[in-house]
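# Topology and contacts: notes
One letter stands for each residue in the lines below.
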Number of protein chains: 2
Amino acid sequence: MNPPLHLLRSEPGLSRYASLAQALRARVVAGEWPPGSALPAESQLANEHGVALGTMRRALELLAEQGFIERIHGKGTFVRQGLTGATMLRFFRFDSGTGEVPKSRILQRSQVSAPATVSRALGMGAGEPVLRLHRLRLMGDQPRLFEELWLPLDLFGPLADDDLSTWEDLLYPMFARRVQVHVHRAVDDIGFSQLSAVQAQHLALPPGHPCAQVQRSAFDLAGRCVEVRTTSGDAHAFHYTVTIT
Amino acid sequence: MNPPLHLLRSEPGLSRYASLAQALRARVVAGEWPPGSALPAESQLANEHGVALGTMRRALELLAEQGFIERIHGKGTFVRQGLTGATMLRFFRFDSGTGEVPKSRILQRSQVSAPATVSRALGMGAGEPVLRLHRLRLMGDQPRLFEELWLPLDLFGPLADDDLSTWEDLLYPMFARRVQVHVHRAVDDIGFSQLSAVQAQHLALPPGHPCAQVQRSAFDLAGRCVEVRTTSGDAHAFHYTVTIT
């Protein structure tokens, strides 16, 4: 008989299944099961961790609620692929919005020293090199969102000087394929501002026009901040719904 | 031996504990346990519904996640009191924001026929009578938010002509005490606009100044819309954080 591979230590303040969820999460983060891959059967996982099947099921439910894994009926349990990157549109309603993925146009790509706010957010030392992108999102050929992105060069090096015409409209799936960075969670800070001259020009709006600004920090499975992004769009197209219970 | 009082019928498409949660919810909505009251012991509830204790525990967990009940360690399980009404501040950051409850000043109270959009939201016939309030929220004596509220007169009659000096800064707890309306859930639609002349005057800002506008529909335990509200505040004070997974 094989001994269990991952005996569960109980963590103070955590229920047994929450400790178990944390242990499973550590295995995902360590790369044992890459994003998109299937987890072993519940019974096998329960054996490996030396717990009852019911406890394992509750731990897996918790991980599913946290968005770490997804359970596809009749197929099994899979590590989530990560965000698709189209989520910025949840904050805006444009006339031409027909559910299609907005087109992406990279206006500028450069390697620069990270400004202080960016390096802090990325958890890097001051002045470390980052890849900076200016990017326009278009719907039905209308420019709608102007974005400035900052990406740590140590992760995104291969995207620093490749052919931009090979880039895709959705960045996160491309990041996953090209540099194995899986964006798992994003924190969006919504505020209100006025368009700068450059932003206004690209969006075909007057300078100083009211805009909604979304400051995003995006994180990978291990919780490292892998992207800082500022998205600006016409304030009058901004719309967001929150349910409070 | 007494027969179980609430034998569980299984609902198609719902797991056993989700059906059970629905049955418990129906008892709350029917008024069997009013907001703030304690639920019977888990073992008694399990007996009444003819289910195992573990199933009852999962159903209660689900109701707690949905915000219907709350479990207070060492005290028991209680029907949630409803929202406190201070939640509009989650959308704004004011300089004087020190966590205190903003003061409330009712500027106007009148009985009017509900405009079409309001009667639709409240699920009433066109032109039915509603109580309309104009209300100012102040922090450190600075006017910060201007609100227009619409309340169905059949529920809020006792608040139509009482002494306004007896009103409290937080409306929802007062609604619960005075007219037994418990606001359980609110849906807030956020957009950007410009202040009207009246709004601007009350907020001591220039007319046309950019503002964030929150359109709220508030619901009681049974899911009836019991309040429609528009809140306006300086767009530059608007700030909201969303986490996406």
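Computed from a prediction, not measured in an experiment: that's the story for all the values here.

### Quick look at the sheet that holds strand β4 (residues 129-139) of chain A
With respect to topology, 7 strands assemble into an open sheet ordered β3(A)-β4(A)-β5(A)-β8(A)-β7(A)-β6(A)-β9(B), the strand pairing being antiparallel. Each edge of the open sheet carries a strand with a single partner, namely β3 (103-113) of chain A together with β9 (240-244) of chain B. Between one strand axis and the next, the sheet turns through 20 degrees on average, direction left out of account. Pairing between β3 of chain A and β4 of chain A: 10 bridges, direction antiparallel. Bridging from a neighbouring strand, S113 of chain A pairs with P129 of chain A of β4 of chain A. Together, β4, β5 (142-152), β7 (210-219) and β8 (225-234) of chain A form the strand contacts of helix α6 (residues 171-179) of chain A, whose direction differs from that of β8 of chain A by roughly 160 degrees.

### Examining the relation of the copies chain B and chain A
Under the fitted operation, chain B is carried onto chain A by 0.1 Å of movement along the axis and a turn of 179 degrees, and the coordinates agree to an RMSD of 0.1 Å. What we have between these two chains is a two-fold relation. Ranked by how close their C-alpha atoms come to the rotation axis, the residues of chain B are headed by P210 of chain B, at 3.8 Å. When the interface residues of chain B are mapped onto chain A, 97% of them are again interface residues, pointing to one common binding face.

### Things to note about the sheet that holds strand β7 (residues 210-219) of chain B
In a beta sheet, neighbouring strands are held together by backbone hydrogen bonds and run either parallel or antiparallel to one another. If you trace the 7 strands from one edge of the open sheet to the other, you get β9(A)-β6(B)-β7(B)-β8(B)-β5(B)-β4(B)-β3(B), paired in antiparallel fashion. Two strands lie at the open edges of the sheet, namely β9 (239-244) of chain A together with β3 (103-113) of chain B, each paired on one side alone. The mean inter-strand angle of the sheet, taken between neighbouring strand axes irrespective of direction, is 20 degrees. Packing against the sheet, helix α6 (residues 171-179) of chain B makes contact with β4 (129-139), β5 (142-152), β7 and β8 (225-234) of chain B, and its axis sits at approximately 160 degrees to β8 of chain B.

### Observations concerning the interface of chain B and chain A
With 31 residues of chain B at the contact, the number on the chain A side is 31 residues. The tally of links from chain B across to chain A stands at 2 salt bridges. Notably, a salt bridge pairs E61 of chain B with R58 of chain A, separated by 3.0 Å at the nearest N-O pair. At the junction of chain B and chain A, the tally comes to 14 residue pairs in polar contact (both at pLDDT 80 or more). Breaking the side of chain B that touches chain A down by element, the ones donating at least two residues are α3 (53-65), β6 (185-194), β7 and β9 of chain B. Ranked by the residues each element gives to the side of chain B that touches chain A, the list is headed by β6 of chain B, at 9 residues. By residue class, the composition of the side of chain B that touches chain A is 12 nonpolar, 10 polar and 9 charged. Pairing analysis gives 5 bridges linking strand β6 (residues 185-194) of chain A to β9 of chain B, with the strands arranged antiparallel.

### Details of the domain arrangement of chain A
Residues and elements named next belong to chain A. Taken domain by domain, chain A comprises domain 1 (16-79) and domain 2 (87-237). Inter-centroid distance (C-alpha atoms) of domain 1 to domain 2 is 32 Å. Listed by partner, the interface residues are 6 residues for domain 1 and 4 residues for domain 2. For the pair domain 1 and domain 2, the summed buried surface comes to about 440 Å²; carbon and sulfur atoms form 78% of the total.

### Topic: the pattern of salt bridges
Residue and element names in this part refer to chain A. For the structure shown, the criterion picks out 26 salt bridges over all chains. A salt bridge links D162 to R109; its shortest N-O distance comes to 2.7 Å. Highlighted residues: D162 in the loop between α5 (153-156) and α6 and R109 in strand β3, separated in sequence by 53 residues. Overall, D162 belongs to the buried group, its relative accessible area being 16%. A network of salt bridges, in which partner residues are shared, links R135, E147, E227 and R229.

Cut-offs used in this document
Residues numbered from 1 in each chain as written. Chains lettered and ligands numbered in written order. Predicted model: local features only at pLDDT ≥ 70, side-chain atom pairs only at ≥ 80, totals over all residues. Heavy atoms only, no water. Pairing = 2+ DSSP bridges. Helix = DSSP H or I, 4+ residues; strand = E, 2+ residues; numbered from the N terminus. Axes fitted to C-alpha atoms, helices over the stretch in contact; angles between N-to-C directions. Contact = heavy atoms within 4.5 Å. Least-squares fit on C-alpha atoms with pLDDT ≥ 70 in both. Salt bridge = Lys/Arg side-chain N within 4 Å of Asp/Glu carboxyl O. Polar contact = N/O pair within 3.5 Å; in protein donor to acceptor, adjacent residues only side chain to side chain. Nonpolar A, V, L, I, M, F, W, Y, C, P; charged D, E, K, R; others polar. Domains from an automatic or database assignment. Buried area = accessible area lost by both parts, 1.4 Å probe. Buried < 20%, exposed > 50% of the residue type's maximum accessible area, 1.4 Å probe, protein only.

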